Amino acid sequence: MDVAMALAVLFFCLLLLSSAAITFLLLRHCLSGLRRRHRAAAAADVDAEAAEGGAGARQLMPPCSPPPQQELPLLRPAAKLVPSTKEEGEPWKLTWREVEALTGGFDEAAVVGRGGSSTVYLASSCRVAVVSPPVAVKVHRWCGGERWLRAFRQELDLLRRLRHPHIVSLLAYSDDHEEGGALVLEYLSGGTLADRLHGGASPPLPWRHRMRVVHDVAGALEHLHDGAPPVVHGDVSASNVLLDGRGLGARLCDLGSACEGFSAAVAPTRAAVGSPGYVDPFFLRTGIVSKKSDVYSFGVLLLEAITGSPAAGIPGPDGGAGGGNLTARLLPRVRTEGVDGLADRRLGDDYDAAEAGDVARIAVECLAAQPGLRPTMAQVRAAIAEKAATSISIAHHDLHDASDST
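Residues numbered from 1 in each chain as written. Predicted model: local features only at pLDDT ≥ 70, side-chain atom pairs only at ≥ 80, totals over all residues. Heavy atoms only, no water.

By the naming in an unreviewed UniProt entry, the protein is Protein kinase domain-containing protein, taken from Oryza nivara.

### Describing the packing of helix α8 (residues 291–307) against helix α11 (residues 377–387)
For any two helices packed against each other, the geometry is given by the interaxial angle and the distance between the axes. Taken N-terminus to C-terminus, the directions of α8 and α11 make an angle of 25°; their axes are 11 Å apart at the nearest point. In terms of axis orientation, α8 runs roughly parallel to α11. As α8 packs across α11, the resulting crossing turns out to be right-handed. In contact with Val-295, Phe-298 and Leu-302 of α8, α11 contributes Met-377, Val-380 and Ile-384. Looking at the contact of α8 with α11 residue by residue, the classes come out as six nonpolar, no polar and no charged. (Axes fitted to C-alpha atoms, helices over the stretch in contact; angles between N-to-C directions. Helix = DSSP H or I, 4+ residues; strand = E, 2+ residues; numbered from the N terminus. Parallel < 35°, antiparallel > 145°, perpendicular 65-115°, else oblique. Left-handed = near helix turned anticlockwise from the far one by under 90°. Contact = heavy atoms within 4.5 Å. Nonpolar A, V, L, I, M, F, W, Y, C, P; charged D, E, K, R; others polar.)

### Observations concerning the sheet that holds strand β1 (residues 92–93)
Across the sheet, which stays open at both edges, the six strands sit in the order β1-β5-β6-β4-β3-β2 with mixed pairing between neighbours. Each edge of the open sheet is held by one strand with a lone partner, namely β1 and β2 (111–114). In terms of strand pairing, strand β4 (residues 135–141) meets strand β6 (residues 180–186) through seven bridges, oriented antiparallel. Counted as the bridge partner of Lys-138 is Leu-183 from β6. Each of β4, β5 (170–174) and β6 touches helix α4 (residues 146–161); the most contacted strand, β6, lies at about 35° to it. (Pairing = 2+ DSSP bridges.)

### Points about unusual backbone geometry
Cis geometry marks the peptide bond from Ala-228 to Pro-229; its omega dihedral reads 0°. Positionally, Pro-229 belongs in the loop between α6 (207–225) and β7 (231–232). Residues other than glycine seldom take positive phi values, yet Phe-106 does so here, at roughly 55°. Examined against the element boundaries, Phe-106 turns out to sit in the loop between α3 (96–102) and β2.

### Side note on the nonpolar core
Grouped together as the largest cluster of nonpolar side chains are 68 residues, with contacts concentrated most on Leu-193, Phe-298 and Ile-384. Those residues in contact with Phe-298, other than ones at most four positions away along the chain, are Val-214, Val-217, Ala-218, Leu-221, Val-236, Met-377, Val-380 and Ile-384. (Core = buried A, V, L, I, M, F, W, Y, C linked by side-chain atoms within 4.5 Å. Buried < 20%, exposed > 50% of the residue type's maximum accessible area, 1.4 Å probe, protein only.)

### A short note on the pairing of β6
Counting buried residues in β6 gives seven out of seven residues, a clear majority hidden from the surface. With four bridges connecting them, β5 and β6 associate as antiparallel partners. Its bridge partner lying in β6, Ala-172 is registered against Val-184. Adjacent in sequence and paired antiparallel, β5 and β6 are bridged by five residues.

### Looking at the pattern of salt bridges
This model, assessed by the stated rule, comprises 16 salt bridges. As a salt-bridge pair, Asp-254 and Lys-138 come within 3.7 Å of each other at their nearest N and O atoms. One end of the pair, Asp-254, is in the loop between β9 (250–252) and β10 (259–260); the other, Lys-138, is in strand β4, and 116 residues separate them in sequence. In this structure Asp-254 comes out as partly exposed when scored by relative accessible area, which is 24%. Taking relative accessible area as the criterion, Lys-138 reaches 10% and is therefore assigned buried. Within this structure, Lys-93, Arg-153 and Asp-175 form a network of salt bridges that share partners. (Salt bridge = Lys/Arg side-chain N within 4 Å of Asp/Glu carboxyl O.)

### As for the confidence of the model for the protein
The predicted model of the protein has a mean per-residue pLDDT of 79, with 69% of residues at 70 or higher. Here helix α2 (residues 78–81) is the element of the protein with the lowest mean pLDDT, 43, and α11 is the one with the highest, 98. Long-range and interchain partners of residues 38–87, a stretch whose pLDDT sits below 50, account for 80 contacts in this model, where long-range means more than four residues apart. Note on residues 125–131: pLDDT under 50 across the span, and 19 contacts to partners over four residues away in sequence or across chains. (pLDDT = per-residue confidence, 0-100.)

### Side note on the UniProt feature "binding site: ATP" (unreviewed entry) in the protein
Mapped onto this numbering, the UniProt entry gives "binding site: ATP" (unreviewed entry) at Lys-138. If near-sequence neighbours (up to four positions away) are discounted, Lys-138 is found in contact with Ser-118, Thr-119, Val-120, Glu-155, Gly-181, Ala-182, Leu-183, Leu-185 and Asp-254. Separated by 3.1 Å, the side chains of Lys-138 and Glu-155 make a polar contact. (UniProt positions renumbered as here; feature names shortened; annotations may be inferred. Polar contact = N/O pair within 3.5 Å; in protein donor to acceptor, adjacent residues only side chain to side chain.)

See below:
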């Protein structure tokens, strides 16, 4: 009796497994058929689009490789790409074909900047007739790198929500391609603050414009820190400050390393790294990023603006490498002696020595070893507005005069 019962149970189990296997195979067959029909429909759509666009229609770009140069399809009207005001609603979502059109087929001749996983292209009216004024197209390629994908998503999500006159504006985006995404941003023709301070620009960026720029960047960081939820930029540097053609208007950019969503002053991070010379030593010791990490980086930026020296890679006494970071070389002296003799030599006497001393003292407070001793960005912005009021006011008039002349 027991043997018969065991055989019956075994037979029942085999029957159940066979039924499950047959059901799985039938479902797999049905799904395969659906996928084939979907691909056929998609191919038909592409063929129809090609018939409409003639020789201008192209297939999507192969992952991580530039497409062949062909005629490109037209985009939607520029008035829909470029919002008339910063308070206007959501940025436009583009197809990957439109991104290709904006970049001239990812033309190397249109490249104006490169990052760890991104390339920035200038899209101008000479390339795509309907785009005016020019815009910058930041194309991200992650190619299997989860960290790069997270950075793109982080920057996209933040820029879609942020509205501030000194944070770069997102005009459009594309986020549904398998191997990459794109952010279409307002284009500022003056390059970066690093270019103007260290790139051999002639004439150098005037003192009053430097004070206006650092004040505006401080305001952008204050906006990030005091938002709901608060945001830590995570990579404040002169290379992430864009300037207009006159060196008067400034925009903070590159939010791929940002952290958000915590109510306390600090939070552990997995991605915030920062740029050489700007990274908070407290973060390096503890792995904790905070709003005070941005304050430290901004203090380095203030020293850069005063001295004209880069944050890292400073030549040694013999002109070669080994000079170390800006803070390691100059902070002890600035703390005890101020900035006498340290102001950017290219300025000559065309700067306010009293303002330079006051701003240097603000930088020293920002660079305090313990985050709790550093001021908030709201306090930093207010202090710069007070101590450099004369230069900021003159730069403000320069901006209005330049606007009136155009």
